[in-house]
Amino acid sequence: MKQAIIDAINTDVGVLTEAFPCLCKIVGKPATSPIEITSAAAQNRFKFILKVFVRAIATPSHPIVLFLDDLQWADELSLQLMCTLVADTEINNFLFIGSYRDNEIDDSNPLTTQLHDLKRKEVATIDIHVD
């Protein structure tokens, strides 16, 4: 696993270890710190590196299931990150399960925007309504 991560994200591992310090237990401490960039560029860099990371670790022998509850309360950036992973056609062996209270969202909720975006991108989703 360590080698797959290093091969995939190489010198950018510091971007993830800053957000997830426990990752250092697997890949070791990065030799360099990430280059400081603007906020928008840093968000894009993080999304890209996280996608590459998930591509590397989600394998047939180690699939990933990510479950997030109460998405109606999630902030816009977290939802964008979730949708980035879900919409990436190069990520295999990855299942995202999200739950939310549909009676607590409206058209102005960031989740609604992201769900519409996934449908626009023709990402396969299954809706299960529970009463």
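Look up: the structure comes first, before these words.
Residues numbered from 1 in each chain as written. Predicted model: local features only at pLDDT ≥ 70, side-chain atom pairs only at ≥ 80, totals over all residues. Heavy atoms only, no water.

Caption draft 1: Spotlight on the layout of surface pockets. By volume, the largest pocket is sized at about 1000 Å³. Lining the largest pocket are 33 residues, and of these Gly-98, Tyr-100, Thr-125, Ile-126 and Asp-127 sit closest to its centre. Sorting the residues of the lining of the largest pocket by element identifies helix H5 (76-87), strand E2 (94-98) and helix H6 (110-120) as the ones contributing at least two each. With six residues, H6 is the largest single contributor of residues to the lining of the largest pocket. (1 Å grid on protein atoms, 1.4 Å probe; cavity = no way out; pocket = protein on both sides within 12 Å on 5 of 7 lines; lining within 4 Å. Points joined across faces, edges and corners; volume = space filled by probe spheres on them. Helix = DSSP H or I, 4+ residues; strand = E, 2+ residues; numbered from the N terminus.)

Caption draft 2: Examining the pattern of salt bridges more closely. Here the structure, examined in full by the defined rule, presents seven salt bridges. Notably, a salt bridge pairs Lys-121 with Asp-117, separated by 3.3 Å at the nearest N-O pair. Its relative accessible area of 44% is what places Lys-121 among the partly exposed residues. Residue Lys-119 pairs with Asp-127 through a salt bridge whose shortest N-O separation is 3.8 Å. (Salt bridge = Lys/Arg side-chain N within 4 Å of Asp/Glu carboxyl O. Buried < 20%, exposed > 50% of the residue type's maximum accessible area, 1.4 Å probe, protein only.)

Caption draft 3: Structural detail: the packing of helix H4 (residues 39-57) against H5. Direction vectors running N to C along H4 and H5 enclose 40°, while the axes themselves pass 10 Å from each other. With respect to their mutual orientation, H4 and H5 come out oblique. Crossing of H4 against H5: the hand is right-handed. Where H4 abuts H5, its residues Gln-43, Phe-46, Lys-47, Leu-50, Lys-51 and Val-54 lie against Leu-77, Gln-80, Leu-81, Thr-84 and Leu-85. Tallied by class, residues from the contact of H4 with H5 come to six nonpolar, three polar and two charged. (Axes fitted to C-alpha atoms, helices over the stretch in contact; angles between N-to-C directions. Parallel < 35°, antiparallel > 145°, perpendicular 65-115°, else oblique. Left-handed = near helix turned anticlockwise from the far one by under 90°. Contact = heavy atoms within 4.5 Å. Nonpolar A, V, L, I, M, F, W, Y, C, P; charged D, E, K, R; others polar.)

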